[in-house]
Amino acid sequence: MKAIYYEKYGDADVLQYGEQPKPEVKEDQLLVRVYASSVNPVDWKVRSGHLLPVSGLNFPKIPGHDIAGEVVKVGQEVTTFKPGDRVFGMLDTGLGGAAAEFAVISDKAAVLMPESLNYVQAAAVPLTALTALQALRDKGELAQGERVLINGASSGVGSFAIQIAKALGAGEVTGVCSTDHIQLVKSLGADRVVDYTEEDFTEKKNCYNIIFDAVAKSTYLGSKDSLCQNGRYVTTVPNPKDIALGYALSVFYNKKLKVLVADEKGEDLELIRAWIEAGKVWPVVDKEFLLREAAEAHRYSEEGHAAGKIVLVVE
């Protein structure tokens, strides 16, 4: 099969486009013909060697965590899917494998695609939407009517977080983004928008029940004065020093630091699917690249200016 792969860690130039073995299907897995995948920051962080303790030194590696495609084969224990089903999901391998013509996914992680989405739109959903949902509902314990601030509101995760906060019943949602993305963030449902090029949200004494940093641009220590009592600061990419001090200080301030590692739960993606079908949540696609252009897509992601998701179209 055609795939993007790399045989050493490094910058985007290490990515190659060529032939790799088609994955074998285990008893509880689906083999999916991938029509679209996506690029998430974790993909180039693994590729660059920043997550070496987890990613290891086994090569070649195929990047990518999101897939949207058609089932071509199912394992002998699979009863909920059949060949021909259109599915999407976040791969449960932990290290990638989606940037290819074929990928395997557990039947517990795969979900039937929403009828209202095409493959490109569907590939923009799983990892980022699951991250936003689990950050707000599970780590943030968002309650009805609470005030939420999303830092990085126009990012892949942030664009879902605004919509999901509303779907979960948040009272007021504030989005932090650049000037260029203010209208997008408003269109996603933000009640207030802070332009970080003009204003630092931590300098005003606003009180938020949840601050969710979707882009690792703030810290618990710098944000705690903007949290209400019993407030929760949630991040997916914590600073080690911030974690150590944050956990200690949270005992005294009654303002909690929560760290999320997204889980590929199929039942959570089913909920997101239902919201999409109901028109409550919608993916934002910033730019499309062909699979063979993955290096260019990685470079674009590393610039940090994408509004929504970067999608790879598999020909």
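Structural data are supplied above this passage.
In what follows, the accompanying structure is described. (Residues numbered from 1 in each chain as written. Predicted model: local features only at pLDDT ≥ 70, side-chain atom pairs only at ≥ 80, totals over all residues. Heavy atoms only, no water.)

## Considerations on the nonpolar core
For soluble globular proteins, the rule of thumb is that nonpolar side chains tend to be buried together. In this structure, Val 125, Leu 136, Ile 150, Phe 212 and Ile 272 are the most contacted members of the largest nonpolar core, which totals 48 residues. The dominant element in this core, judged by the number of residues it contributes, is helix α4 (residues 126–139), at 7 residues. What Val 125 contacts, discounting residues up to four positions off in sequence, is Phe 88, Leu 117, Leu 130, Phe 160, Leu 269, Ile 272, Ile 276 and Pro 283. Counting 41 residues, the second-largest nonpolar core is a separate cluster that includes Ile 4, Tyr 5, Ile 67 and Leu 291. (Core = buried A, V, L, I, M, F, W, Y, C linked by side-chain atoms within 4.5 Å. Buried < 20%, exposed > 50% of the residue type's maximum accessible area, 1.4 Å probe, protein only. Helix = DSSP H or I, 4+ residues; strand = E, 2+ residues; numbered from the N terminus. Contact = heavy atoms within 4.5 Å.)

## A look at α4
Spanning 14 residues, α4 covers 18 Å between terminal C-alpha atoms, matching the ideal 20 Å at 1.5 Å per step. Buried residues dominate α4, accounting for 11 of its 14 residues. Within the sequence span of α4, burial applies to Pro 126, Leu 127, Thr 128, Ala 129, Leu 130, Thr 131, Ala 132, Leu 133, Gln 134, Ala 135 and Leu 136. Just past α4, the residue Glu 141 takes up positive phi, approximately 50°. (Expected span 1.5 Å × (residues − 1).)

## Comments concerning the side chain of Thr 174
Its place among the elements puts Thr 174 in strand β9 (residues 172–177). Reaching out from Thr 174, the side chain makes a polar contact with the side chain of Arg 192 at a distance of 3.1 Å. If we ignore the near neighbours within four places in the chain, the residues touching Thr 174 are Val 148, Leu 149, Ile 150, Arg 192, Val 194 and Tyr 208. (Polar contact = N/O pair within 3.5 Å; in protein donor to acceptor, adjacent residues only side chain to side chain.)

## What to know about the pairing of strand β3 (residues 29–39)
Across the 11 residues of β3, 10 count as buried, placing the element largely inside the fold. Judged from the 5 bridges that link them, β3 and strand β6 (residues 102–106) form a sheet pairing that is antiparallel. Each residue of the ladder has a partner; that of Arg 33, found in β6, is Phe 102. In terms of strand pairing, β3 meets strand β4 (residues 66–74) through 7 bridges, oriented antiparallel. (Pairing = 2+ DSSP bridges.)

## Some points on empty space enclosed by the protein
Inspection of the entire model under this criterion finds 1 cavity of 30 Å³ or more. As a volume, the largest cavity reaches approximately 30 Å³. Along its surface, the largest cavity is lined by Ser 38, Val 39, Asp 43, Pro 63, Gly 64, Ala 99, His 298 and Leu 312. Class assignment of the residues belonging to the lining of the largest cavity gives a composition of 4 nonpolar, 3 polar and 1 charged. (1 Å grid on protein atoms, 1.4 Å probe; cavity = no way out; pocket = protein on both sides within 12 Å on 5 of 7 lines; lining within 4 Å. Points joined across faces, edges and corners; volume = space filled by probe spheres on them. Nonpolar A, V, L, I, M, F, W, Y, C, P; charged D, E, K, R; others polar.)

## Section: the environment of Val 125
Structurally, Val 125 can be placed in the loop between α3 (119–123) and α4. A residue is classified by how much of its surface remains accessible, and Val 125, at 0% relative accessible area, is buried.

## Details of the packing of aromatic side chains
Summed over the entire model, instances satisfying the criterion amount to 6 aromatic pairs. Here the aromatic rings of Tyr 6 and Tyr 9 are separated by 6.4 Å at their centres, their planes lie at 50°, and the arrangement is tilted. Looking at Tyr 6, the relative accessible area reads 1%, which means it is buried. Here Phe 289 and Tyr 300 contribute two aromatic rings whose centre-to-centre distance is 6.1 Å and whose plane-to-plane angle is 50°, an arrangement assigned as tilted. Of the two residues, Phe 289 sits in strand β14 (residues 285–290) while Tyr 300 sits in helix α10 (residues 294–303), which places them 11 residues apart along the sequence. Across the pair, Tyr 300 and Phe 289 agree in class, each one buried. Taken together, the ring pairs connect Tyr 6, Tyr 9 and Phe 59 into an aromatic cluster. The ring of Trp 44 has Lys 45 sitting right over it, with the charged end atom 5.7 Å from the ring centre. Positioned above the aromatic ring of Tyr 300, the side-chain terminus of Lys 287 is 4.9 Å from the ring centre. (Phe/Tyr/Trp six-rings, centres within 6.5 Å; stacked < 30°, edge-to-face > 60°. Lys NZ or Arg CZ within 6 Å of the ring centre and 35° of its normal.)

## Notes on the sheet that holds strand β12 (residues 227–235)
Strand order in the open sheet formed by 6 strands is β10-β9-β8-β11-β12-β13, with parallel pairing between adjacent strands. Two strands bound the open sheet, and with one partner strand each, they are β10 (192–195) and β13 (256–259). Geometrically, the sheet is characterised by an average inter-axis angle of 20° between neighbouring strands, direction not taken into account. Across the sheet, α4 touches β8 (147–151), β11 (208–213), β12 and β13, and the angle it forms with β11 is around 150°. (Axes fitted to C-alpha atoms, helices over the stretch in contact; angles between N-to-C directions.)

## Some words on the pattern of salt bridges
In this structure the tally under the stated criterion is 14 salt bridges. In this structure, Arg 299 engages Asp 13 in a salt bridge whose closest nitrogen and oxygen atoms are separated by 2.5 Å. Here the residue Arg 299 occupies a position in helix α10, and Asp 13 occupies one in the loop between β1 (2–5) and β2 (16–19), the gap between them amounting to 286 residues. With a relative accessible area of 55%, Asp 13 lands in the exposed category. (Salt bridge = Lys/Arg side-chain N within 4 Å of Asp/Glu carboxyl O.)

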